[in-house]
There are 2 protein chains.
Amino acid sequence: MASSVTLSDVAREAGVSLATASRAINGSANRTVRPDLRERVLEAAERLRYTPDANAQAMARGRTTSLGLVVHDIADPFFSSIAAGVTQAADRAALQVTLASTQHQPAREVELVRLLQRQRARAIVIAGGRHDDDAGNAAMRDALADFRGAGGAVALVGQPVLGVDTVAVDNAAGADALARALHARGYRHAGVLGGPEDHLTARERREAFTAAFAELGAPVQPAHVVTGEFTHEGGEAAMRELLSAGGDVDVVFAVNDVMALGALAAARDLGVRVPEDVALAGFDDILTLRDVVPPLTTVRVPLVDVGVLATELALEEHTGAARVRTVATEVVLRASTPDRTV
Amino acid sequence: MASSVTLSDVAREAGVSLATASRAINGSANRTVRPDLRERVLEAAERLRYTPDANAQAMARGRTTSLGLVVHDIADPFFSSIAAGVTQAADRAALQVTLASTQHQPAREVELVRLLQRQRARAIVIAGGRHDDDAGNAAMRDALADFRGAGGAVALVGQPVLGVDTVAVDNAAGADALARALHARGYRHAGVLGGPEDHLTARERREAFTAAFAELGAPVQPAHVVTGEFTHEGGEAAMRELLSAGGDVDVVFAVNDVMALGALAAARDLGVRVPEDVALAGFDDILTLRDVVPPLTTVRVPLVDVGVLATELALEEHTGAARVRTVATEVVLRASTPDRTV
DNA sequence: TTGTAGGCGTTATCAC
DNA sequence: GTGATAACGCCTACAA
């Protein structure tokens, strides 16, 4: 309640005008303030425990100091690592991060963008792959167009389908390289926990993986590609389905690590040993993996860097068409996919 | 760039006054607007793609719609789960969450509180145990007093040492119960990875644990209590130190799960088997544990609920002294601490 | 260098 | 029920 101290109070206390107080405290562009006056103002501010009102400053200046971050679930290590990168970069740019979570409801993304537009966020970073959903993408594109029309900047982590700057993980190359590495280790009967049918990240990884195996002469049987939510539970269910189908699968590729961990849990539950009975690989190299046994083969995505990059991309001045920054990945072979050729 | 559409634009377009437009769009308290006029305004707003400016609204109304959340590291599963709870609760209260991270520098907390005060956040939730650091706590207490003096609400997750509403995990009871459970399973030679010396959460857990073992007639040897950072790396280093000391320890209690996971990694590295060679227990029951083998015994803290509770506590109107909400914990015995009595 | 005054976009208090 | 108009706290030409 206690009404805050305003700059006018400080000015009065210091015996100067509002303008001078403002300049003394904020060091206006070229205007400078006589040292003794500045001193008086600063002391008065200190004495009165004055705290500038960022909202009022934002109004007067015409721009805020906040950046919006949209994630699906902040407790998911994939998103929390990206968030760590975003907060780092935002911090360097002296921006506050407004965290908005869809709680796994894709439709809420549009809502959150509009919310962030009301806050007049300087920029919005959207984390998470897109869906093959024309209506959904169109709605999002509209919301983002409005936001940008009003002067906001946007960067997306995912696929460049929304007409905004995008940090795109090279999913295809990563999945392809992983498939070849697994093939080289002697695997010939791969199964895929493919994520949601229309999820572009899942699809890119799935298709590149199966294409590579096909090209290598060991095509993945259609029955060995099962879909499922992009979550721990989804991976668990998908793995159950795949294993109970009882095909001869020697390695399972889950399109992201969170699913792979769910799959690992399912295997444990069913008494299927990894990697003795079946090998397992994921994608992303989330932080959690350092604590998992057996160490999981995966394709590393520099998640924190991706967050930083997306933030920088959003904040960089630029004109012209939407830019796409492709992030390279790296296959990390671990014990969950031992060499079968020896 | 493109100047946003303002409410005046909408009013003009609809042929009504600014006041009416405001009431039509925002449904003022008791003032009501004739249906046809309201319709006209809403249509105009739609046509012009009007988006209210939350900052301006905040100025006019005298209160913002944002809530600050202070964490040490959002990528740490402990904090990200609490953050999930906070965003949920904030969402229900129609508040935006501003995520502020200290990046593991305790001193930055004060800075962040002041920053959030500039944003005129309605409330601040601070996650993370306190330190036994009079100067640091005093600085924080001052910053929070200022914030509250200016009308802000605060809730802390940790120890009630800052004079603000606090959600306190019952660390002592949890550690005591864990110690007794381990003792009942036959463990008599406990070691403790005790976290930072002055970290109150670490201290509460450590002391309750050792006190219980002492009371049970199996005191933990001082040499078997080692300190270390409250992190994965800290747990790893502490475990190395403990194991290389070569004492006869049959169970190791790490004061939080993140440290326990670091300890597990260290044990693996040194060829020490868990639980065959040494049993291991942690505290918190972070989400990561579901993927760890062997399943880790721990003391469950309902982290998401804690986040929700802290947010609600901060948002509840109340007068009088700072309140303390104690959250109960629950010992969860798993395979990392098998029964030795059989 | 300092001060005056207008404006940022809304809400809220008044009359009408 | 509707419409002027003064706040809200600050910044910034513009003038002195």
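Described in the following lines is the structure provided in the data block. (Residues numbered from 1 in each chain as written. Chains lettered and ligands numbered in written order. Predicted model: local features only at pLDDT ≥ 70, side-chain atom pairs only at ≥ 80, totals over all residues. Heavy atoms only, no water.)

### As for the packing of aromatic side chains
Residues and elements named next belong to chain A.
Point 1. Counting across every chain of the model gives seven aromatic pairs over all chains.
Point 2. Relative to Phe79, the ring of Phe78 has its centre 5.1 Å away and its plane inclined at 85 degrees; by these criteria the two rings are edge-to-face.
Point 3. On the accessibility criterion, Phe78 (17% relative accessible area) is buried.
Point 4. The exposure class assigned to Phe79 is buried, which follows from its relative accessible area of 6%.
Point 5. Residues Phe209 and Phe253 carry aromatic rings whose centres are separated by 4.4 Å and whose planes lie at 25 degrees to one another, so their mutual orientation is stacked. Of this pair, Phe209 sits in helix α9 (residues 200–215) while Phe253 sits in strand β8 (residues 251–254), and the two are 44 residues apart along the sequence. An identical accessibility class is assigned to Phe209 and Phe253; each is buried. (Phe/Tyr/Trp six-rings, centres within 6.5 Å; stacked < 30°, edge-to-face > 60°. Buried < 20%, exposed > 50% of the residue type's maximum accessible area, 1.4 Å probe, protein only. Helix = DSSP H or I, 4+ residues; strand = E, 2+ residues; numbered from the N terminus.)

### Some words on the protein's contact with DNA strand C
Point 1. With respect to spatial proximity, 29 residues lie near DNA strand C, and among them Thr20(A), Leu37(A), Leu7(B), Ser22(B) and Tyr50(B) are the closest.
Point 2. One of the backbone nitrogen or oxygen atoms of Ser17(A) is found 3.1 Å away from a phosphate oxygen of DNA strand C.
Point 3. For DNA strand C, a phosphate oxygen lies 2.9 Å from a polar atom in the side chain of Asn26(B).
Point 4. At the level of elements, α2 (18–26) and α4 (54–61) of chain A together with α2 (18–26) and α4 (54–61) of chain B are the ones that each hand at least two residues to the surface near DNA strand C.
Point 5. Its residues assigned to classes, the surface near DNA strand C comprises 14 nonpolar, eight polar and seven charged. (Near = heavy atom within 4 Å. Polar contact = N/O pair within 3.5 Å; in protein donor to acceptor, adjacent residues only side chain to side chain. Nonpolar A, V, L, I, M, F, W, Y, C, P; charged D, E, K, R; others polar.)

### Comments concerning unusual backbone geometry
Residues and elements named next belong to chain A.
Point 1. With omega at 0 degrees, the peptide bond leading from Val293 into Pro294 counts as cis.
Point 2. Within the element layout of this structure, Pro294 appears in the loop between β9 (279–281) and β10 (298–300).
Point 3. Even without being a glycine, Asp284 presents a positive backbone phi close to 125 degrees.
Point 4. Within the fold, Asp284 resides in the loop between β9 and β10.
Point 5. On the accessibility criterion, Asp284 (3% relative accessible area) is buried.

### Overview of the protein's contact with DNA strand D
Point 1. Near DNA strand D there are 28 residues, and of these Leu7(A), Tyr50(A), Thr20(B), Arg23(B) and Arg34(B) occur at the shortest range.
Point 2. When the atoms of DNA strand D within 4 Å of the protein are grouped by moiety, sugar and phosphate amount to 61% of the total.
Point 3. At a separation of 3.2 Å, a phosphate oxygen of DNA strand D approaches a polar backbone atom of Ser17(B).
Point 4. Arg34(B) is positioned with one of its backbone polar atoms (N or O) 2.7 Å from a phosphate oxygen of DNA strand D.
Point 5. Elements with a contribution of two residues or more to the surface near DNA strand D: α2 and α4 of chain A together with α2 and α4 of chain B.
Point 6. When its residues are assigned to classes, the surface near DNA strand D shows 14 nonpolar, seven polar and seven charged.

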